[in-house]
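# Chain and residue survey
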Amino acid sequence: MTSNDISEWSYQFGLCYLKNTQKPSYYQELIDHLNAVQGYDGWFTENYGGLDCDGESKQADGLKKPWQIHNTRKLDGVRDEIDALALSEIEKAVALTRLLLAMDKVDSTLGHFTSYLREWSSRSYKTRQLEIPLLFANSTNNTVLKGDIFTSMQSVAVDFAYFDPPYGSNNEKMPPSRVRYASYYHLWATICKHDKPALFGAAGRREESSDKLAATAFEDFRQNDAGHFIAVEAIEQLIASVNANYVALSYSSGGKATALELNDILNRHGTLIKTIELDYKKNVMAEMKWTNEWLRESDEPNREFIFLIRKEPIL
Ligand SMILES: C[S@@+](CC[C@H](N)C(=O)[O-])C[C@H]1O[C@@H](n2cnc3c(N)ncnc32)[C@H](O)[C@@H]1O
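Cut-off values and rules
Residues numbered from 1 in each chain as written. Predicted model: local features only at pLDDT ≥ 70, side-chain atom pairs only at ≥ 80, totals over all residues. Heavy atoms only, no water. Core = buried A, V, L, I, M, F, W, Y, C linked by side-chain atoms within 4.5 Å. Buried < 20%, exposed > 50% of the residue type's maximum accessible area, 1.4 Å probe, protein only. Helix = DSSP H or I, 4+ residues; strand = E, 2+ residues; numbered from the N terminus. Contact = heavy atoms within 4.5 Å. Phe/Tyr/Trp six-rings, centres within 6.5 Å; stacked < 30°, edge-to-face > 60°. Axes fitted to C-alpha atoms, helices over the stretch in contact; angles between N-to-C directions. Parallel < 35°, antiparallel > 145°, perpendicular 65-115°, else oblique. Pairing = 2+ DSSP bridges.

W67, L99, W188 and I191 are the most contacted members of the largest nonpolar core, which totals 39 residues. For this core, the secondary-structure elements that each account for two or more residues are α1 (8-19), α2 (28-35), α3 (43-48), α4 (69-84), α5 (89-104) and α8 (186-193). With 8 residues, the single largest contributor to this core is α5. Discounting residues that sit within four places of it in the chain, I191 has contacts with F44, W67, L75, R79, L96, L99 and L100. Counting 28 residues, the second-largest nonpolar core is a separate cluster that includes A244, W294, L295 and I309.

What follows is about the packing of aromatic side chains. All chains considered together, the criterion is met by 14 aromatic pairs. Ring geometry for Y181 versus Y184: centroids 6.1 Å apart, planes at 65 degrees, classification edge-to-face. Note that Y181 and Y184 are positioned in helix α7 (residues 181-184) at a spacing of 3 residues, about one turn of the helix. By relative accessible area, Y181 is classed as partly exposed at 39%.

Axis separation between α1 and α8 bottoms out at 8 Å; the angle between their running directions is 60 degrees. In terms of orientation, α1 lies oblique with respect to α8. Contacts between α1 and α8 involve E8, W9 and Q12 from the first element and W188, A189, C192 and K193 from the second.

With that settled, the discussion passes to the sheet that holds strand β9 (residues 270-279). Here we have 5 strands laid out as an open sheet, ordered β5-β8-β11-β9-β10, and mixed in their pairing. Two strands bound the open sheet, and with one partner strand each, they are β5 (157-163) and β10 (284-287). This sheet shows a mean twist of 15 degrees between the axes of neighbouring strands, independent of strand direction. For β5 and strand β8 (residues 243-252), the ladder comprises 6 bridges, and the chain directions are parallel. Bridge assignment links F160 to a residue of β8, and that residue is Y246.

In structure tokens, the structure reads:
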């Protein structure tokens, strides 16, 4: 198996879950050691730690914060210790994955880091504890890549490729920076890199997660000069250039126009053999009976699909 993502945190998850060959119990000592590390007032506390002011997260600098200070102190201590220990690349990835999952459980956000809640979430009062991730002891030699998909794909030939790209929003009023993974999860990148970057804005984002620097074509909701959606064209390029016999693609309907364009692409570069609609509210999947059924009008503005395409072989 080969995985690829452009973000640092996905790379660490990939190493943790796809490259690990040890049983989960191998990591118990490391996790216990990290849980015992003393916290202190470091860089994360200074920038992202808040005190509880009668249930509100209002700080001296006037900014809301994603974590209460008892958890950022632990984060400061543990993140330093991960670098101080002589860990292998995979051990480090297991520790970082677990640290991110633990911090995620005690945050005071709506699931991303472009803004923080005014009142502390109830979970933010808890103290985060590290546990062993749900690991597999891999027996195959998997490959984990970090890079732009169009570059990474050039060296990969597979039977089956699964793409789960960001879904561009068709909401023209929404600032593009709000729907970009780099800005949603800038804090995960900062914890992995531990590079104490320059920050900007009320949410304290990494400099390179700004609008001008963090654009990927999949997250662009605009149309190009020829009147085609840039995000849909990027998906076309993906499907057209991947060296695979079968391609599965996750997609969330961003409106009728993008759906029609996407339907053309799916049929232009292969044969659409199955479409599944996922209903997250009801937690069910439904297989579409005929290939164009997914294009029907629906009251539901955001519908999620997985398409399975048989590709024509690249000549
Ligand atoms: C919908 S998420 C998929 C997440 C992944 N399937 C998972 O479950 O963790 C979209 C992912 O695409 C990545 N991404 C965006 N543009 C990319 C590009 N040009 N090349 C590679 N990955 C990209 C983002 O970093 C993000 O993790």
